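The chain contents come next:
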Amino acid sequence: MNRYPLWKYLVIAVALLIGAIYTLPNFFGEAPAVQVSAGKVTVKIDLGTQERITQILSNAQIQPTGIQFERIGANGTIKIRLDSTDNQLKVKDTLQKALNPDSNDPSYVIALNLISNTPAWLGSMGAMPMYLGLDLRGGVHFLLQVDMRGALQKKIESLSADARSQLREKSIRHSGVERQNDSIIIKFAKEDEALAARLLLNKNIPDLEFNSQKSADGFKLVGEFKASAIKEVQENAVKQNITTLHNRVNELGVAEPVIQQQGQDRIIVQLPGVQDTARAKDIIGRTATLESRLADPVKTYLLSGELPPPGSDVFKTGDGRQVVFKKSVIFSGDRITSASAGFDNNQRPSVNITLDSAGGRVMQEVTRENIGKPMGMILFEKGRGEVLTVATIQSEFGSKFQITGQPSTESANDLALLLRAGSLAAPMEIIEERTIGPSLGADNIAKGFNSVIYGFCAIAIFMIAYYLLFGAFSVVALAVNLFLLVAILSMLQATLTLPGIAAMALALGMAIDSNVLINERIREELRSGASPQAAIATGFEKAWGTILDSNITTLIAGVALLAFGSGPVRGFAVVHSLGILTSMFSAVFFARGLANLWYGRKKKLEKLSIGQVWRPTE
């Protein structure tokens, strides 16, 4: 009646073993480290960089406890583990001088960080510690304001170029296209030309509403944003900025950063574990734009000491060569809709680029007139331009074309990634900055976990005093519940915050409630005159329905918090929901296994150690 088959005990043993493996990494703590990542999108971090760093540290007579290379997207990052914070600062200064000789134009980001001390054999099994949130680990919090006015100005500039191109294509004469605030004004000498242009532009530029008006010197079209278009431009600006911020934060190697929208025009960025706040601020505030220009067909590359032709710009390639470009821009990065690596007809690596309709029309006009001349892509970052590629225009093309001349498939993939990444859709400024030190985070951890421990001890004392041996079974099941909850959070690599610790404390109270229901049901069966063995079996079976109903209703509330909440609320909901699921396993399945193991083989059982069973008197 009260005996588990062997397979059920094996399930319990496997669950405990898996729980132990994935809980263990949380006890090893973290070590100070220095992280090296790319300071420019054209800089490559690979195993060769790791060998170079190893040699630099060896020459400086610094022995790190470990160096590891991690791939992030198409690039990578290198983390140097050290045994003390003194060595951490020493390594940072050494690498800063060796890798960035020009401090005004750094090629690498050298940042302080913390990495887990988890042994390699645990890491090989995928066992890693839980991520800790900003309030527990320390780090930086930024609130960014997106310049929506700048986003509209950027869009109206793009649309004015589109309007000019379409009028030229349909041979509609005009006296000039100019921008005024958030509108486009196009002047015409004749009314029929203004009306023809109005029909054309209203059809092909749906974001603007063009209306014809009489002016002092003829007629004019005034194009203004539609309300729906303004909303779409602003929403897309915030979304694109969030995507770009995610790419930049990857350079810092932050585990589980929080980057989310707040309101209509603000973005929250939380970077747990980042110690070098100045470097984080520099990376987040970075602006990058992509431009395509025609290179000088006569003097494309400058030799050392040569002067560029008048009216031109000079930018350097990654290997230091100087390229001469014309000042006019063919298209910018916001015109690129897709970029992917591939092969040309001769099976050489290439990059396939697709522009939007406006960019395609401009490209067709430029290439038609400049066949055989060089064209380049320039990435502008922190006010400096760096040449990504220079290629010769082979024939006329429009919105779809290939860039050839890449030395390898890997470099073609890297270039495609750079072109896809684009730039910030609108400028941003940091309007709030908070730093939480590691000591404050450690204090929060201590207080949070002390509350869980004290709550657990109080529950354990009450349960053992009131239910005796069955109370001890309940306490062991409660410990297993907490054990499995931590293991699952570690397996999912969830982020634990102070609200998450509060959810753990709540999970203890809700988990023990299931054991109270079971114990009271067993007592009720004993009052009714059932034998001890029958009372155990009936108590667990009949309490199961009540436990299931109560946990499902609570789980529904947790899922609602998870679906509609954000930030700390979601952190609370994740731990709360997982705690409910683990409590159903520990309170019913595991606790019954203990009771069966202790009492199941006793055939002549006369009494249960479950506290005072009060029987009603006649």
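Residues numbered from 1 in each chain as written. Predicted model: local features only at pLDDT ≥ 70, side-chain atom pairs only at ≥ 80, totals over all residues. Heavy atoms only, no water.

**As for a nonpolar patch on the surface**
A grouping of Leu-24, Phe-27, Phe-28, Trp-121 and Met-125 is seen on the molecular surface, where their side chains present a nonpolar patch of about 540 Å² in accessible area. Along the chain, Phe-27 falls in the loop between helix H1 (6–23) and strand S1 (30–38). For Phe-27, a relative accessible area of 65% translates into the label exposed. (Patch = residues over 30% accessible without salt bridge, like charges linked within 9 Å, V, L, I, M, F, W, Y side chains within 5 Å. Areas by Shrake-Rupley, 256 points an atom, 1.4 Å probe, with all protein chains shown as cover. Salt bridge = Lys/Arg side-chain N within 4 Å of Asp/Glu carboxyl O. Helix = DSSP H or I, 4+ residues; strand = E, 2+ residues; numbered from the N terminus. Buried < 20%, exposed > 50% of the residue type's maximum accessible area, 1.4 Å probe, protein only.)

**What about the sheet that holds strand S12 (residues 266–272)?**
Spatial strand order, S11-S12-S6-S22: four strands in an open sheet with antiparallel pairing. Whereas interior strands pair on both sides, the edge strands pair on one side only; in this sheet they are strand S11 (258–262) and strand S22 (428–436). Direction aside, neighbouring strands of the sheet carry axes that sit 15° apart on average. Two elements, S11 and S12, share five bridges in a ladder whose sense is antiparallel. Of the residues in S12, the one forming a bridge with Val-258 is Gln-270. (Pairing = 2+ DSSP bridges. Axes fitted to C-alpha atoms, helices over the stretch in contact; angles between N-to-C directions.)

**Looking at unusual backbone geometry**
The backbone phi angle of Gln-61 is positive, close to 60°, even though this residue is not glycine. Position of Gln-61 relative to the elements: it lies in the loop between helix H2 (47–59) and strand S2 (66–72). With phi around 55°, Leu-468 is a residue other than glycine that occupies positive phi space. Looking at the secondary structure, you find Leu-468 in helix H12 (residues 438–491).

**What about the nonpolar core?**
Phe-470, Leu-489, Met-504, Ile-522, Leu-608 and Ile-610 are the most contacted members of the largest nonpolar core, which has 48 residues in total. Per-element tally for this core: the top contributor is H12, with 16 residues. Residues in contact with Leu-489, not counting those within four places in the same chain, are Met-130, Ala-494, Met-504, Val-574, Val-575 and Leu-578. By size, the runner-up hydrophobic cluster in this structure holds 41 residues, among which are Leu-144, Ile-205, Phe-225 and Val-269. (Core = buried A, V, L, I, M, F, W, Y, C linked by side-chain atoms within 4.5 Å. Contact = heavy atoms within 4.5 Å.)

**Looking at the UniProt feature "transmembrane region" (unreviewed entry) in the protein**
The UniProt record marks residues 452–469, 476–494, 500–518, 552–572 and 578–599 with the feature "transmembrane region" (unreviewed entry), using the residue numbering of this structure. The span residues 452–469 carries 100% helix and 0% strand; its end-to-end C-alpha distance comes to 23 Å. Secondary structure content for residues 500–518 is 100% helix and 0% strand, and the end C-alpha separation is 27 Å. (UniProt positions renumbered as here; feature names shortened; annotations may be inferred.)

**Side note on the environment of Gln-406**
Looking at the secondary structure, you find Gln-406 in the loop between strand S21 (400–404) and helix H11 (409–421). Assessed through its relative accessible area of 12%, Gln-406 is described here as buried. Counting along the chain gives 56 residues from Gln-406 to Ser-350, while the straight-line C-alpha distance between them is 6.2 Å.

**Some details on the environment of Leu-307**
The residue Leu-307 is located in the loop between strand S14 (301–302) and strand S15 (312–317) in this model. Classification of Leu-307 as exposed rests on a relative accessible area of 74%. With 17 residues separating them along the chain, Leu-307 and Val-324 place their C-alpha atoms 10.0 Å apart.

**Comments concerning the sheet that holds strand S8 (residues 183–188)**
Pairing is antiparallel in the open sheet, where four strands are placed in the order S7-S8-S10-S9. Every other strand in the sheet has two partners, leaving strand S7 (177–180) and strand S9 (208–215) as the edge strands with one partner each. Going across the sheet, the axis of each strand differs from the next one's by a mean of 25°, ignoring polarity. In this structure, S7 lies alongside S8, joined through four bridges in antiparallel fashion. Looking at S8, one finds that Val-177 is bridged to Ile-186. Packing of helix H6 (residues 148–169) onto the sheet brings it into contact with S7, S8, S9 and strand S10 (218–225), and relative to S8 it is tilted by some 25°.

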